[in-house]
Amino acid sequence: MSLTELTIAAAADGLRRGDFTAVALTEAHLAAIAAENPRLNAFITVTAEAALDRAAAADRALAAGTARPLAGIPLAIKDLFCTEGVRTTAGSRILGNFIPPYESTVTRRLLDDGAVFLGKANLDEFAMGSSNMTSAFGPVANPHRRRQDPDAVLVPGGSSGGSAAAVAAGLAMGATGTDTGGSIRQPASFCGIAGIKPSYGRCSRWGVVAFASSLDHPGPFARTVEDCAILLGSMAGHDPKDSTSADLPVPDYRTACRRGVKGLRIGVPREYRAEGMAGEIEALWAHGIARLREAGAEVVDVSLPHTKYGLATYYIIAPAEASSNLARYDGVRFGFRAAGGGDLRELYEHSRAEGFGAEVRRRILIGTYVLSAGYYDAYYLRAQKVRALIKRDFDEVFRGVDALLTPTAPSAAFGQGEKMDDPVTMYLNDVFTVPADLAGVPAMSVPAGVDADGLPLGLQVIGRGFDEATVFAVGAALEGMG
Amino acid sequence: MSLDPATVRRIAALARLHVDDAEVPRLQEELNGILGWIEQLNEVDVTGIEPLAGAAANALPMREDVVTDGGYPDAVLANAPERIGAFFAVPKVVE
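Residues numbered from 1 in each chain as written. Chains lettered and ligands numbered in written order. Predicted model: local features only at pLDDT ≥ 70, side-chain atom pairs only at ≥ 80, totals over all residues.

**Topic: the overall build of chain A**
So the rule is basically this: Put simply, DSSP H or I for four residues or longer makes a helix, DSSP E for two residues or longer makes a strand, and each gets a number counted from the N terminus. Note that the radius of gyration is over C-alpha atoms, with the globule rule given as 2.2 Å times the number of residues to the power 0.38. Exposure criterion: with C-beta atoms placed from backbone coordinates, a residue whose C-beta has 20 or more other C-beta atoms within 10 Å is buried, one with 12 or fewer is exposed, and one in between is partly exposed. Two residues qualify as being in contact provided that their C-beta atoms, derived from the backbone, are within 7 Å of each other.
In terms of helices and strands, chain A carries 16 helices and 11 strands. Here the C-alpha atoms of chain A give a radius of gyration of 21 Å, agreeing with the 23 Å that 2.2 N^0.38 yields for 482 residues. In terms of its C-alpha atoms, chain A occupies a principal-axis envelope of roughly 65 × 55 × 50 Å. Here chain A holds 482 residues, and the buried ones make up 62% of them. Restricting the contact set of chain A to residue pairs at least 6 apart, pairs at least 24 apart contribute 77%.

**Digging into the interface of chain B and chain A**
The condition is simple: Gly counts as polar in this scheme, as do all residues outside two lists: the nonpolar Ala, Val, Leu, Ile, Met, Phe, Trp, Tyr, Cys and Pro, and the charged Asp, Glu, Lys and Arg.
With 38 residues of chain B at the contact, the number on the chain A side is 53 residues. Grouping the constituent residues of the side of chain B that touches chain A by class yields 30 nonpolar, 5 polar and 3 charged.

**A look at unusual backbone geometry**
Residues and elements named next belong to chain A. Of the consecutive residues G158 and S159, the connecting peptide bond is found in the cis state with omega at 10 degrees. For S159, the location among the structural elements is in the loop between β3 (116-121) and α5 (161-168). Even without glycine at this site, K419 takes up a positive phi of about 60 degrees. Tracing the backbone shows K419 in the loop between β9 (403-407) and α14 (423-427).

**Section: helix α4 (residues 105-112) of chain A**
Given 3.6 residues per turn, any residue in an α-helix points the same way as the ones three and four places further on. Residue and element names in this part refer to chain A. α4 sits mainly inside the fold: 6 of its 8 residues count as buried. For α4, the full list of buried residues reads T105, V106, T107, R108, R109 and L110. Tucked inside the fold, the buried residues of α4 contact β2 (74-78), β4 (174-179), β6 (217-222) and α7 (225-235). At the C-terminal side of α4, G114 shows a positive phi close to 95 degrees.

Pasting the structure below:
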C-alpha cells in the first residue's frame, strides 16, 4: 500500500514500528500535491518547507520516544484557521495578503500533538457556499467522476471543499474544516470520506475567521471514522479564549468507535423523507437502517416537526451574524484596500465592494436588511424563535432515542456551474445538515455507498449534545457498508 | 415584503458596500427571491416562545477585569494597508 493510502491509525503504528519515516510520509504527500493539485486546486497555499521541518522534528521525537499522538501525520488546514506566519485568506480577495500573527487554538492543539501541516485548503469565500464555487482562488474539482460522463468536472461540495478533496485524493491524511450549515458533512458526503461537526462549544472558535458565530463549528475530516475520532480528540477541549467553549472533559473517541450499537435506540425522522428524494438515497438510508438493526440496534420512527423551517431560519440568522462579523473588513486595519482617492466612507465602500465576492455581498445585504430598524422583529427575532422550536424538537426526540440516522445531502456531487442560476437552489443542498447546526448537536457524515454513476453518498448520524461518543459508535457500525 | 430600488441602495449604504446603479435591478431580484422564500417562517406559531440566540450550553463565563494581552504594536500593525508610525492611516477626515 502506498503511503498516501494509509489511515492515520495505520500510519501512526507504522511510524512507531519504523516501517517508514515521518519525512518519507510527508514527502509522499507533497509529491501527490505536486502531481494532483494543479488539477484539483484543493490547496491555496502549500507549505512544503515548513512541513518537512516538522516531519524531521517528528522523526527525532519518535527516535527519542517522546512522540506525541499525531507526530508526523500530514494534514490539510482549511484556509479559515489562522496560522501564525502563514497567509490565511478565507478564500477571499479581501484577506488575500493577510498573514496572521497568531495561531488558532484548534491548529495550535494539532501542532502540540505533533501534526505536520501541508498547507491551507481551498474553501468557499468566508465559508459561504455549498460547492466551493465562490472561492476567490478558483473552484475545487472533486476527485470523483461520473462513470457515464467522465469529462464533467464535479464540485467537492462546500464550504470545506478543498479539505474534503485533499483527503479523498490522498493529498492529506486528514484535514480541518468548519461547519456552519453543513460545510463539513456535505463535502464529506460528496467526496466519499468521513467528517464530523462536533457539538457547539466542543472545539474552540478562537482564531477561526468568523462567519456566523453562533453556528460556526470546527471539526475534522478523514477517510475513516476512527481517524476522525483521533483528530477530534486532539482538536477538542476547553479554551478560555472562546467564551462559548465548553468546559467539559473530552472522552476517548477512538475507544467509542469500538463500542458497537447493541441496545442503542436509533431514530429515523420522517421529516427528512423529502419530497422528490432520489430513489438511490432512499435505498441507501434503508440499507443503513437494516445494518444498524443487524448490529443489534433498535430502530424507531420519530418526528422533528420543524425540520422544514430549518433552512429559512438559517438564511436569516447566518447572514445577520455574517453582516456583523464582516463589518471588520474595512480596508483600514488589515486586508485589501481599494485604490483611488475619496473620503473615508468611500474607502470603506469601495474596499468592501471590490474585496468581497458576489455571494458574500449578497449575504451581507440580506443580513443588514433583516437586522435593520423596522424589520428586526419580523425576520431576525422570529427566526430566533423558530430556532428555539427546532432545538426543542431535538431535545424531545433525544429523550427517546440515542441517535438519529438520515441522509447527509439530497443528491450526489453535481457539476461545476450547476445550481448557480439562483441562490436559493444552491441553499437547498443544506436541507438535511442545517438543523444540527441550529441546535448545536453533533452530527457526522459517513461514506455509505455509491449511486448508479459511481459517485459517493453519505449517511448522517446526529447525536445528543456533547455525546459525540455515541455518534462515533454508530458511524463506525455503518462504515464500509457501500 | 418586497424591496424597491431605494431600499436596496439604503441597505447597501448601511452595509458600507458600494453598489453601481447597473447592479441594483439584479440585486433587487436576488434579494427579493431570498426574502420571498424565507417568508415561509410566517406559518410557524411562535406565540410564547423565547428567542434562542445560540446553542452554547452554559451562561457566559466571567473573568478578572485585568489586562491579559497586548504590548506588541508592530504585530498589530503588520497587516495594515497603510500606517504612520504606530497608527493606522486613513484619508483625512477633518479639514
